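# Close look at the chain arrangement
One-letter residues, chain by chain:
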Amino acid sequence: MPLSVPELAKRLHVNESRARLLVQSGRIPAQQVAGRWVIDEADAGRYLPAAPGRPLSERSAWQLIRHANSAAAHDSIELYPVELYRLKQRLHRLQNSSDPLSLLRSLLAKRAEKAELSSSPADLAELREDHRLRLSGVSHPDSGLLSGSEVEAYVSRADFNAVLRDWFLVKVAAGQRPNVVLHVADEVPAVLPPLAVAADLAERSGVREHNAALDLIRRSLHAG
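Residues numbered from 1 in each chain as written. Predicted model: local features only at pLDDT ≥ 70, side-chain atom pairs only at ≥ 80, totals over all residues. Heavy atoms only, no water.

## A short note on the pattern of salt bridges
Which entries qualify depends on this criterion: By salt bridge we mean one thing: a side-chain nitrogen of Lys or Arg within 4 Å of a carboxyl oxygen of Asp or Glu. Starting at the N terminus, helices and strands are each numbered in turn, a helix being any DSSP run of H or I of at least four residues and a strand any DSSP run of E of at least two.
All told, the structure shown has 13 salt bridges when counted by the stated rule. The residue Glu113 makes a salt bridge to Arg157 at a minimum N-O spacing of 3.0 Å. With Glu113 in strand 4 (residues 113-118) and Arg157 in helix 8 (residues 157-167), this residue pair connects regions lying 44 residues apart in the sequence. Three or more residues joined by partner-sharing salt bridges are found here, namely Glu58, Glu113, Arg157 and Asp186.

## Structural notes on helix 2 (residues 16-24)
Quick reminder of the rule: With a 1.4 Å probe rolled over the protein chains alone, any residue whose accessible area is under 20% of its type maximum counts as buried; one over 50% counts as exposed, and the rest are partly exposed. The arc in question is the one traced by the directions running from the helix axis out to the C-beta atoms. By definition in these notes, contact holds between two residues if any of their heavy atoms fall within 4.5 Å.
Within helix 2, burial applies to Ala19, Leu22 and Val23. The buried side chains of helix 2 occupy one side of the element, clustering within an arc of 100° when seen end-on. Residues of helix 2 that are exposed and angled more than 90 degrees away from the buried face: Ser17 and Gln24. Each element contacted by the buried residues of helix 2 is listed here: helix 1 (5-12) and strand 3 (36-40). A positive backbone phi angle near 85° is found at Gly26, which sits one or two residues after helix 2.

## Focus on helix 5 (residues 81-96)
Put simply, the test is: Helices are assigned an expected span. That span is 1.5 Å times one less than the residue count.
When the terminal C-alpha atoms of helix 5 are compared, their 23 Å separation across 16 residues agrees well with the 22 Å that a helix rising 1.5 Å per residue should span. Among the residues making up helix 5, those that are buried are Glu83, Leu87, Leu91 and Leu94. Summarising the axial view, the buried residues of helix 5 lie within an arc of 65°, below the 170-degree limit, and thus occupy one face. Exposed and facing more than 90 degrees away from the buried side of helix 5 are Pro81, Tyr85 and Asn96.

## Looking at the nonpolar core
Applicable threshold: Here the nonpolar core consists of buried residues drawn from Ala, Val, Leu, Ile, Met, Phe, Trp, Tyr and Cys, with membership extended through side-chain atoms lying within 4.5 Å.
With 34 residues, the main nonpolar core has Leu104, Leu108, Leu195, Leu201 and Ile217 as its most contacted residues. Among the elements of the structure, helix 4 (58-72), helix 5, helix 6 (100-107), helix 9 (194-202) and helix 10 (207-222) are those that each provide at least two residues to this core. Looking at which element gives the most residues to this core, the answer is helix 9, with seven residues. If near-sequence neighbours (up to four positions away) are discounted, Ile217 is found in contact with Leu94, Pro100, Leu101, Leu104, Leu195 and Ala198. The next biggest cluster of nonpolar side chains, apart from the first, holds 16 residues, and it includes Leu124, Leu164, Trp167 and Leu182.

## Brief notes about the pairing of strand 6 (residues 151-156)
Counted only if it meets this: We treat two strands as partners when DSSP finds at least two bridges between them.
The buried count for strand 6 comes to six of six residues, which makes it a mostly enclosed element. As defined by bridge partners, strand 5 (residues 134-135) adjoins strand 6 across two bridges and the pair is classed as antiparallel. Opposite Arg134, over in strand 6, you have Tyr154 as the bridge partner. Two strands pair when backbone bridges link them, and strand 6 and strand 8 (residues 180-185) are joined in this way by six bridges, in the parallel orientation. Following the sheet pairing, Ala153 is matched in strand 8 by Leu182.

## Comments concerning the side chain of Asp130
Note the following rule: Pairs of N or O atoms are called polar contacts if they sit within 3.5 Å, as long as, within protein, a hydrogen donor faces a hydrogen acceptor (for residues adjacent in sequence, only side-chain-to-side-chain pairs).
Note on placement: Asp130 falls in the loop between helix 7 (124-128) and strand 5. For Asp130, a relative accessible area of 8% translates into the label buried. Side chain to side chain, Asp130 and Trp167 meet in a polar contact 2.8 Å long.

Nothing here speaks to function; it is geometry throughout.
Rendered as C-alpha cells:
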C-alpha cells in the first residue's frame, strides 16, 4: 500500500519534516506523483533509523533492563551510587525521547547475541515450553502478537549449545527466513522484564511490532 509523507512520519514515529528529509535524501525510496511523494510500504518497513549514541555493554544493558522493571515496581536493586545515577539518567532520556525506539535499540544493542535458526515447524509448540527458554519479542504474551509460526526467546550461554542439540536447530542459510530467534546472554532473568521484550520488538521492521514496543516502553517507564 502506498504511503504519503504524513503517513510515513506516523509509521516511523517522527515529525513530517524528518520524514520528508528521509525521502528527499534517498534514504527511503519514493516517487513523485502529481507533485507529491509516494512511498511503497515495503520500503518504509525496511528502514531502521540510525542508532543514537554508543551501545551499553551487555552487563550495563541488563542493569538498565532490570532497573526499569524495579523502578516501575517501586523497588530497588543493589548498585553503586554512580551506576544508579547513570541508569536514572538513561531512563530519563528514554522516557523523554522523541524517538524512543531508536534510542532503545542503541542502548540495548549488546544485551545479547542473536542466533537466527531453523527448526522443524512440528517442534515449535514444544520448543516454546522448554524450561531453558524465556519467551520474548513476538512470542511473549505481553506483545499481543504471539506468532504461531516462529519462536523468539532468550537463553543463557551455558544452555545454548544443549538447546541447539536437543531440538536439532541449525543456522539459517543466506536468504532463508528463520523460524527460531534466540537471544543469547550470560544471565537471563527467570521473569523477563518488559524492556527486554520491547527491545526485541523494536529491532523488527513491522508497524505492529513497533507499536507493541512503544506500549511496553510506556508501561515500563510510566507505571505507578
